[in-house]
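Okay, here's what each chain looks like letter by letter:
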Amino acid sequence: MQPLRYTLIICICLFSLAGQAQPGRATKWSRDGQAIYSVENGAIVATALKDGQQQVKIPAAQLVPAGGKQPLELKDFAFSPDERQLLVYTNSQRVWRYETRGDYWLLDLESRRLRQLGKTLPPASLMFAKFSPDGRKAAYVSQHNLYMEDLATGEIKQLTQDGSRRLINGTFDWAYEEEFSCRDGFRWSPDSRRIAYWQIDATKIRDFLMIDYTDSIYSFTVPVEYPKAGQSPSACRVGVVDINTAATTWMQVPGDPQQHYIPRMEWVPGKNELILQQLNRKQNHSVLMLCNAASGMAKPLFEESDEAWIDIKSRWNDDDVTGWEWIRNGEAFIWVSEKDGWRHLYTISMKDGKATLITPGEYDVITISRIDEAHRAVYILASPDNATQQYLYRVSIDGKGKPQRITPADQPGTHEYEISPDAAYAIHRFSNHYFYPATEIVHLPGHKSNSGNLAADIKEKAGADKQLEFFTVTTADGVEIGGWMKKPNNFDPAKKYPVVFYVYGEPAGATARDQYGAGRNYLYQGDMAADGYIYVSMDNRGTPLPKGREWRKSIYRKVGVLNARDQAQAATALMQQRPYMDTSRVAVWGWSGGGSMTLNLLFQYPKIYKTGIAIAAVGNQLTYDNIYQERYMGLPQENMEDFVKGSPITYAQHLQGHLLYIHGTGDDNVHYQNAEMLLNELIRHNKLFQFMAYPNRTHGISEGAGTRRHLSSLYTRFLQQYCPPGPR
């Protein structure tokens, strides 16, 4: 088969069953690290990293069950450590955000025998199945209990007995999944004799009852164990179960299990020990603990505190909390901390917990891409000079010398890398505001491409989107805010144009990055630039930009206040500088946290914003989950006034402009309750507005025939009616 051009490589991105907990999306490396496996036309194909040549590793015919005619539809797959067996994930079902429940099949590559695992368990009930390190067994979760299956005999052994919807073994409740990215909740020991697992006790968590009116003649409730801000978390503990006796030893982590979190846990290489992270309920004090797997005794190794909050691995490693960054054969590991004001890498000694800084300087590490211990280096993503972009750098694992930029200087924009285990190759993904996302295989550290000349293609497209401009403004508070602006076609600076602001503004995301999609409104039907709108997005303080700890954490206990003030002041400064912006036609819109921001801007700054479209917004911060809201706002029991000040519902009485509020009634994330609370307050003050409820739709409002088309039509018509397009 022919080598792949870089724009086609993207199809090989799949999650590993052994690592990630969101099947079907991350790269799978071959055992020797020289190839990537992917699914094509029902077969598993190996793409050589050296030259891009492809070979069929497993033909589709080997994936046809006995008596069947079609191969299994692969959602994901994983090879055993010796690559003699294949674990196939199929018939996947959605559990909240991701399709993490389904069926697993085992293919013996030597005998070509294909059989289903967990055959006696309910269909599509298995979660996170993975091989033991010795390749002789597999473990998985079904109906909140942990199971082990002998791959030679097919014997299934139930390792936990007490699992239920509210007592969860080997996986997590809604809040852990949503806010910590914790889904896969068990780990095989290196010797394949034990399994460490989380148990989440949600028996004391009140159910939030969503109501389904559409799926039967009689309505019914859908319960979600959902701890609201101010409510104690689900109790959490870690146990180690012996696969022979099914006896569990519980780790003796100190403190009230309902007043702390355990977002990470792994085995220590070569030892009968676990290492885990404990966070207090406020998430501003972190303790790394070593736990003896036999006795359960726990002792602290490394502690740190922050006046605001401490980010966990999912925030600086692409939403992945699995694995531990070991070096020196387990004698130390790499840790990320902001304790010196920047997000930096430290080596932590397993002997005494001593932390040694290895990335000094006034810049942030965005993510760790690969530890290349053989060459005494760590590959990181960073962007010291432009917070809207990101590039690959190589730093010394010893902390010596300056960071070396690996991404070529002639490729401005946003870069992502998945680096092979031996750090010899990387899947490189790139885009910027004018360049459509491209993917290629590059050789490291020289960044030599296997395929087309990406730099030349970027240069050829440079300036293609002449209407889009990146800018900075300084607010009345002296804060420099960056953003992008897309000007209309046939722009005439002597005329005045309506302005539409796209906002988010909370710690979970940034909107004004230099990547493909900047300047494009995915909900607008048609072309905003052709219709005569100026489209703007800006990132305020508190957004997760590589601009230092103070930038990100100044929002602590001020969500809904500081971020809204930054946006309003930046909009004012921008419109003062740009007389072609029509201050009588100013609209703002956003989704989720951006919906909350939209409401706060429309209510708190009615002289600036005349029209707002808020989708799936948190109207009252006390209705949102405790892990997210308490991380950024503290505990309502201690500072209730901050929750009140930051909630849009507090300011609803000040609405003067035009509001379209949209919410899905089946939203398990930001509950529909927010909409009805806000509607009541608007009604109480005789405020007129428009409202659209999407029946039984979740937070993404995507389910059901015609939903997105209808949402887009509604959005566009409202915007055009109340913030008319075109120059004046």
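Residues numbered from 1 in each chain as written. Predicted model: local features only at pLDDT ≥ 70, side-chain atom pairs only at ≥ 80, totals over all residues. Heavy atoms only, no water.

Attention shifts here to the overall build of the protein. Along the protein, the regular secondary structure elements total 11 helices and 43 strands. Seen through its principal axes, the protein has C-alpha atoms that stretch 75 × 60 × 60 Å. Among the 728 residues that make up the protein, the fraction classed as buried is 60%. Here the contacts in the protein between residues at least 6 apart in sequence split such that 59% fall between residues at least 24 apart. Per element, the accessible surface of the protein, about 29100 Å² overall, is 48% carbon and sulfur. Considering the protein, the positive charge centre built from 80 side chains and the negative charge centre built from 80 side chains are found 2 Å apart. (Helix = DSSP H or I, 4+ residues; strand = E, 2+ residues; numbered from the N terminus. Buried < 20%, exposed > 50% of the residue type's maximum accessible area, 1.4 Å probe, protein only. Contact = heavy atoms within 4.5 Å. Areas by Shrake-Rupley, 256 points an atom, 1.4 Å probe, with all protein chains shown as cover. Lys, Arg positive; Asp, Glu negative; His and termini not counted. Charge placed at Lys NZ, Arg CZ, Asp CG, Glu CD.)

Turning our attention to the packing of aromatic side chains. Throughout the structure, instances matching the rule amount to 34 aromatic pairs. Judged by centre distance (5.7 Å) and plane angle (80 degrees), the rings of Trp326 and Phe333 are edge-to-face. For Trp326, a relative accessible area of 19% puts it in the buried group. Ring plane angle 75 degrees and centroid distance 5.1 Å describe the contact between Tyr436 and Tyr516, whose orientation is recorded as edge-to-face. Of this pair, Tyr436 sits in strand β34 (residues 435-443) while Tyr516 sits in the loop between β38 (497-502) and α4 (528-531), placing them 80 residues apart in sequence. The exposed category is assigned to Tyr436, whose relative accessible area is 61%. Its end group placed over the ring of Trp324, Arg264 keeps NZ or CZ at 4.1 Å from the ring centre. Above the face of the Trp551 ring, Lys547 is positioned so that its terminal group lies 3.7 Å from the ring centre. (Phe/Tyr/Trp six-rings, centres within 6.5 Å; stacked < 30°, edge-to-face > 60°. Lys NZ or Arg CZ within 6 Å of the ring centre and 35° of its normal.)

This part covers helix α11 (residues 707-722). Between its first and last C-alpha atoms α11 spans 23 Å; for 16 residues at 1.5 Å apiece the expected length is 22 Å, and the two agree. Looking only at α11, the buried set comprises Thr707, Leu711, Ser712, Leu714, Tyr715, Thr716, Phe718 and Leu719. Residues of α11 that are buried in the fold lie against β38, α4, β40 (581-591), β41 (611-615), β42 (658-664) and β43 (690-694). (Expected span 1.5 Å × (residues − 1).)

Moving on, we come to the sheet that holds strand β27 (residues 355-357). The strand order across the open sheet formed by 4 strands is β24-β25-β26-β27, and the pairing between neighbours is antiparallel. Looking at which strands have only one partner, the edges of the open sheet turn out to be β24 (326-327) and β27. Pairing geometry for strand β26 (residues 344-349) and β27, over 3 bridges, is antiparallel. Within β27, the residue paired with Ile348 across the bridge is Ala355. (Pairing = 2+ DSSP bridges.)

Taken domain by domain, the protein consists of domain 1 (14-153) and domain 2 (469-539 + 571-618 + 650-722). Placing the centre of domain 1 and that of domain 2 at their C-alpha centroids yields a distance of 43 Å. (Domains from an automatic or database assignment.)

Another point: the sheet that holds strand β2 (residues 35-40). What the 4 strands build is an open sheet, ordered β1-β2-β3-β4; its pairing is antiparallel. This sheet does not close on itself; its edge strands, each paired only once, are β1 (28-29) and β4 (54-58). The pairing of β2 with strand β3 (residues 43-48) spans 6 bridges and is antiparallel. Paired with Ala35 across the bridge in β3 is Ala48.

Any two side chains of opposite charge can pair if their charged atoms end up close together. Scanning the model with the defined rule gives 39 salt bridges in all. The salt bridge partner of Asp184 is Lys130, with a shortest N-O separation of 2.7 Å. Placement of Asp184 in the loop between α1 (174-180) and β14 (186-188) and of Lys130 in strand β9 (residues 126-131) is noted, with a sequence separation of 54 residues between them. Look at Lys130 and you get buried, because its relative accessible area is 7%. Here Asp207 ties to Arg165 by a salt bridge, and the two come within 2.7 Å at their closest N and O atoms. (Salt bridge = Lys/Arg side-chain N within 4 Å of Asp/Glu carboxyl O.)

Turning our eyes to something else, we now look at the environment of Tyr213. In this structure, Tyr213 sits in the loop between β16 (207-212) and β17 (220-225). For Tyr213, a relative accessible area of 60% corresponds to the exposed category. The spacing of Tyr213 and Thr665 is 452 residues in sequence and 9.4 Å in space, taken between C-alpha atoms.

As a further point, take the pairing of strand β11 (residues 145-150). The buried count for β11 comes to 5 of 6 residues, which makes it a mostly enclosed element. The pairing of strand β10 (residues 137-142) with β11 spans 6 bridges and is classified as antiparallel. Within β11, the residue paired with Lys137 across the bridge is Asp150. Counting the residues that bridge the hairpin from β10 to β11 gives 2 residues, and of these Gln143 lies at a positive phi of roughly 50 degrees.

Now for the environment of Thr47. Its location among the elements puts Thr47 in strand β3. The sequence separation of Thr47 and Ala476 amounts to 429 residues, and the corresponding C-alpha distance is 55 Å. If we skip the residues at most four places from it in the chain, Thr47 touches Gln34, Ala35, Ile36, Gly52, Gln53, Gln54 and Ile441. In this structure the side chain of Thr47 is engaged in a polar contact, spanning 3.1 Å, whose partner is the side chain of Gln54. (Polar contact = N/O pair within 3.5 Å; in protein donor to acceptor, adjacent residues only side chain to side chain.)

Moving on, we come to the state of the cysteines. Evaluation of the coordinates by the stated rule reveals 0 disulfides. The structure places no disulfide on Cys182, whose sulfur is separated from the nearest cysteine sulfur, that of Cys236, by 8.3 Å. Residue classification places Cys182 among the buried positions, given a relative accessible area of 1%. (Disulfide = S-S within 2.5 Å.)

With that out of the way, let us pick up the nonpolar core. Ranked by internal contacts, the top residues of the largest apolar core, which has 48 residues, are Tyr176, Phe180, Val238, Leu274 and Leu276. For this core, the secondary structure elements donating two or more residues are α1, β15 (194-201), β16, β18 (235-242), β20 (260-267), β21 (273-280), β22 (285-292) and α8 (626-633). (Core = buried A, V, L, I, M, F, W, Y, C linked by side-chain atoms within 4.5 Å.)

Residue Pro445 follows Leu444 across a cis peptide bond; omega there is 5 degrees. By the secondary structure assignment, Pro445 is in the loop between β34 and β35 (448-449). Of note, the phi angle at Ala124 is positive, near 55 degrees, even though the residue is not glycine. Counting through the fold element by element, Ala124 comes out in the loop between β8 (114-116) and β9. Look at Asn696: it is not a glycine, yet its phi comes out positive at around 65 degrees. Residue position: Asn696 is located in the loop between β43 and α11.

When the terminal C-alpha atoms of helix α6 (residues 562-577) are compared, their 22 Å separation across 16 residues agrees well with the 22 Å that a helix rising 1.5 Å per residue should span. In terms of burial, α6 is a largely internal element, 12 of the 16 residues being buried. Where α6 is concerned, the buried positions are Leu562, Asn563, Ala564, Asp566, Gln567, Ala568, Gln569, Ala570, Ala571, Ala573, Leu574 and Met575.

Let us look at the environment of Asp319. Positionally, Asp319 belongs in the loop between α2 (313-316) and β24. C-alpha of Asp319 to C-alpha of Cys182: the two residues are 137 residues apart in sequence and 9.2 Å apart in space.

At their nearest, the axes of α6 and helix α7 (residues 593-604) sit 10 Å apart, and the two run at 65 degrees to each other. Helix-helix and strand crossings are classified by hand; for α6 and α7 the assignment is right-handed. Facing Asn563, Ala564, Gln567 and Ala568 of α6, the residues of α7 in contact are Met597, Asn600 and Leu601. Within the contact of α6 with α7, the residues separate by chemical class into 4 nonpolar, 3 polar and no charged. (Axes fitted to C-alpha atoms, helices over the stretch in contact; angles between N-to-C directions. Left-handed = near helix turned anticlockwise from the far one by under 90°. Nonpolar A, V, L, I, M, F, W, Y, C, P; charged D, E, K, R; others polar.)

Looking at the element boundaries, Glu273 is found in strand β21. We note that Glu273 is buried and unpaired, the nearest opposite charge coming from Lys271 at a distance of 4.5 Å.

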